[in-house]
Amino acid sequence: MAPLEIGEIVAGSHIGKQVEMEIDAIAAGVARYRRLVREATERGDAGSLKAVERLLVHWFEPVRMAIRLEQKAIIAGKTGQRRGLYGPLILSLKADKLAVIALHSLLSRCLLEPNGDLVVRGFYAMGNAVIAEIHAEQLQKHSRVDWMRVVRRYKRMTPARINQFAKQVLTDPVWTRRGAVAAGAVLSKAVLESALLEFNRKLVPAFEHIKIWHNNQKVGAIKLTDAGSSVIEDGHAFRSELRPRFLPMVVEPYPWSLKNEGGYIKVRTPMIAKPTQEQRRALYTSAPLRLHEAMNAINSTRWSVNRPVIEVMKWVWNDLGGGVGKLPKADKLPLPPRPDGIDDHPEILKAWKAEAHEVHGQNARNAGWRAQFVQMLAVAERMSEFSSWYLPHQICFRGRFYPIPLHLNHHGNDLARSAMQFADPVPLTDRGRWWLKVHAANCYGSRGSFEARIESLEEIRGEIVRVAKDPRATLDFWSQADDPWQFLAACFALCDDDAGAVLPVQQDGSCNGMQHLCAAARDADGGAWVNLLPGHEPRDAYERVCRAVIETLASMKTPQSSELLKYMDRKLVKQPVMTSNYNVTLRGMRNQIMETLRDRGVERHVAGGLALFAARTIRDSLDTVFSGSQHVMRWLEGCAQAINEEYPTQTIKWTTPLGLLAVQPYRNHRVGRVKTALQEVSIIQENDDSPVAKVKQRQGLPPNVVHGWDSSHMGAAAIEMHRRKQAFACVHDSGWSHASNADSLASVLRDTFVEMHKADLVSQLYTEWHGLYPFAKIPTPAKHGTLDLEDVRNSAYLFS
């Protein structure tokens, strides 16, 4: 009897199904990419494809030099065949633009005509593109208004459209068919002679001039050589499999270790998403054993689809047309009807256009949300075939964990989160039911102490029971919750112990970035406002900053401060305060506040000034309320500046508490952009010796360090929960568990937070950077405050 092949052994098993799903994902990605290639080729725009563009970039410099030599010969008056005809055209544009036009045109046409593009047609098309670029420059100089008319008129610019418009507008347009053919011929010659490839260890041309039969006679044509076609096809093959849309796994992901890559079975995915060479080296040199352990723990959580919630979603989508509880509309919003007198009264037309513009914008946003929802629903339907599945993760360079499957994961929006539940039930205890109530109240939008949240939930207990019995009849009630679909799932769980036994209960950090900064600084005053200290009810950092801002504004007694007081509340300060932990700029704060003011009906010209004034006041108030955390952020910026001054080509790196050597990727790689009327090409030279982007290195260091801390905290919690054999999931600053394990998770989150910060993370960074960058004048960190980290173990609202 012949031995069985591996495929025969796993056929019909979960492993066999997983391999089949991965192959299907790759095949779907290949088909999707091939369709894009075909569409681009058919419209004559194959030169814009990435696999082709990389060749264009590779050949750009030698072709540009060849064209520059031709331009010098024309200027010197050297004789040459038809130079007098094509010379003025070739001298009208810079050599870099001519190189991009020539390469883009020849590559696109040869891909469209793989058996050979007739030289006369090709020369004319290339020369026509040159004339179109000359006209584009002339139109922009002649009249910016005329040029914008061209841009607005056509979705896709073509040489014919530009040249046709130029004939109508310009008094002396460039037009000569013979000149176009001659210019195309000399540029094609430059490409044929300069575009070379290393193939089978030899330099060979990428294009060749051949003879083909056309209309019963042999004529000249240009085509890609076998080497040129092969290199482009290899590039397409690589890109088509580069980013398949992976589904969750139906078997546990392969474990990560120092020797083995984890995750999917058939296709390897890197641990760090889109790593630079420096980050890839750092990952393998740091040997982060605890990071591997954390990744394996997070990957081991078994999930299933919440079918009752999915059924309600489908009903709202199919029968009601969406538009309920953060679910997008299934159809486009209709444009407002054209009012009477619109053709005779410009002010009526202007008002109607403004209203129609808002509808167009909303439809554009809805289109993205609609596609996202439909894809999520399709994946949920697919995964509901399985009793359980897993979410393999990757990390970013800071160490934060991200699920690889794109459309159905717990990092998604309210809809995606509500569609998921744990696969393995943990029977509900009395404390589990208590935590379910807290979770439901959080989803509904209740705040305050745990007791206050549960009390607010008991007030609507009757409605919750009715929701669980008939979610369709109670749609108007549950759809008004802060997180309506997760609240719906919680209503089912509160009324059905089987549903409650698998519902994930979330515990979120209180302004988590500020928590880490205050703990690192031992800032007792600021830490109290982000619940590092015990209390009978949670304290609200946003409310505290809001009060400080109001006090400051009231003391100013200026017209602007008085006007701003009308709008100042917790909601206005929340986003600026939240993002301040991640070093948001003053301009970023202004934009956040301005958007909120505009939503409240404040005119744009008023909102801009008020927003900037508010941003400055909030920033000053943060320095008062959270002085310790702000000192740590400024210290990190100072360290970045000191390192960059002494080591201008070295990126800043540090070790996270979980053992990952994090490397900031920000460098000023040499980028040259060549833009023509039809395309833009970036010539990027990436090099580890390129100077660092100092501003990005400085501004990025505080938030990146904090992200490294929060991810290490979640990783440590994952390890401990796995050791306890309790399911766990996390979303950066939020830990998830079964309701009956929520007390266990709360204890783990507090203990791992304390143990991590007891190591004195600021001093560790100070010591590490002194060793990595010995000549940098690393500033001495500020003295610690009076916060006793042991008190954090007793803070019920650290995560709640």
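On a predicted model such as this, the values are computed, not experimentally measured, just so you know.

J.: Got a minute to help me understand the overall build of the protein chain in this structure?
T.: The helix and strand inventory of the protein chain stands at 32 helices and 16 strands. Within the protein chain, the proportion of its 800 residues that are buried is 52%. Looking at the protein chain alone, contacts between residues at least 24 apart form 72% of all its contacts between residues at least 6 apart. When the accessible area of the protein chain is evaluated, it comes to approximately 38300 Å², of which 51% is carbon and sulfur surface.

J.: Looking at this structure, how should I read the pairing of strand β16 (residues 734-738)?
T.: β16 sits mainly inside the fold: 5 of its 5 residues count as buried. In terms of strand pairing, strand β10 (residues 504-508) meets β16 through 5 bridges, oriented antiparallel. Following the sheet pairing, Gln507 is matched in β16 by Gly735. Relative to β16, strand β15 (residues 729-730) runs antiparallel, the two being bridged by 2 bridges. By the bridge assignment for β16, Cys730 is matched with Gly735. Following β15, the chain reverses through 3 residues before pairing antiparallel with β16; His732 in that reversal takes a positive phi of roughly 65°.

J.: How should the environment of Ile298 be read in this particular structure?
T.: As for its position among the elements, Ile298 is in helix α12 (residues 289-299). Taking relative accessible area as the criterion, Ile298 reaches 4% and is therefore assigned buried. Residues Ile298 and Cys730, 432 residues apart in the sequence, show an inter-C-alpha distance of 8.0 Å. Look past the residues within four positions of Ile298 in its chain and what remains in contact with it is His393, Phe401, Ala718 and Cys730.

J.: What should I look at first to understand the pattern of salt bridges in this one?
T.: Should the charged atoms of two oppositely charged side chains come close, the side chains can pair. Following the criterion strictly, the structure yields 32 salt bridges and no others. One salt bridge in this structure joins Glu381 and Lys314, with 2.8 Å as the shortest N-O distance. On the criterion of sequence distance, the pair formed by Glu381 in helix α14 (residues 346-383) and Lys314 in helix α13 (residues 307-320) is long-range, its members being 67 residues apart. Note on Glu381: relative accessible area 25%, which makes it partly exposed. Among the residues examined, Lys314 registers a relative accessible area of 23% and is labelled partly exposed. Two residues, Lys758 and Glu755, come together in a salt bridge whose shortest N-O distance is 3.9 Å. Here the residue Lys758 and the residue Glu755 both occupy positions in helix α31 (residues 742-758), the gap between them amounting to 3 residues, near one helical turn.

How each quantity is defined
- Residues numbered from 1 in each chain as written.
- Predicted model: local features only at pLDDT ≥ 70, side-chain atom pairs only at ≥ 80, totals over all residues.
- Heavy atoms only, no water.
- Helix = DSSP H or I, 4+ residues; strand = E, 2+ residues; numbered from the N terminus.
- Buried < 20%, exposed > 50% of the residue type's maximum accessible area, 1.4 Å probe, protein only.
- Contact = heavy atoms within 4.5 Å.
- Areas by Shrake-Rupley, 256 points an atom, 1.4 Å probe, with all protein chains shown as cover.
- Pairing = 2+ DSSP bridges.
- Salt bridge = Lys/Arg side-chain N within 4 Å of Asp/Glu carboxyl O.

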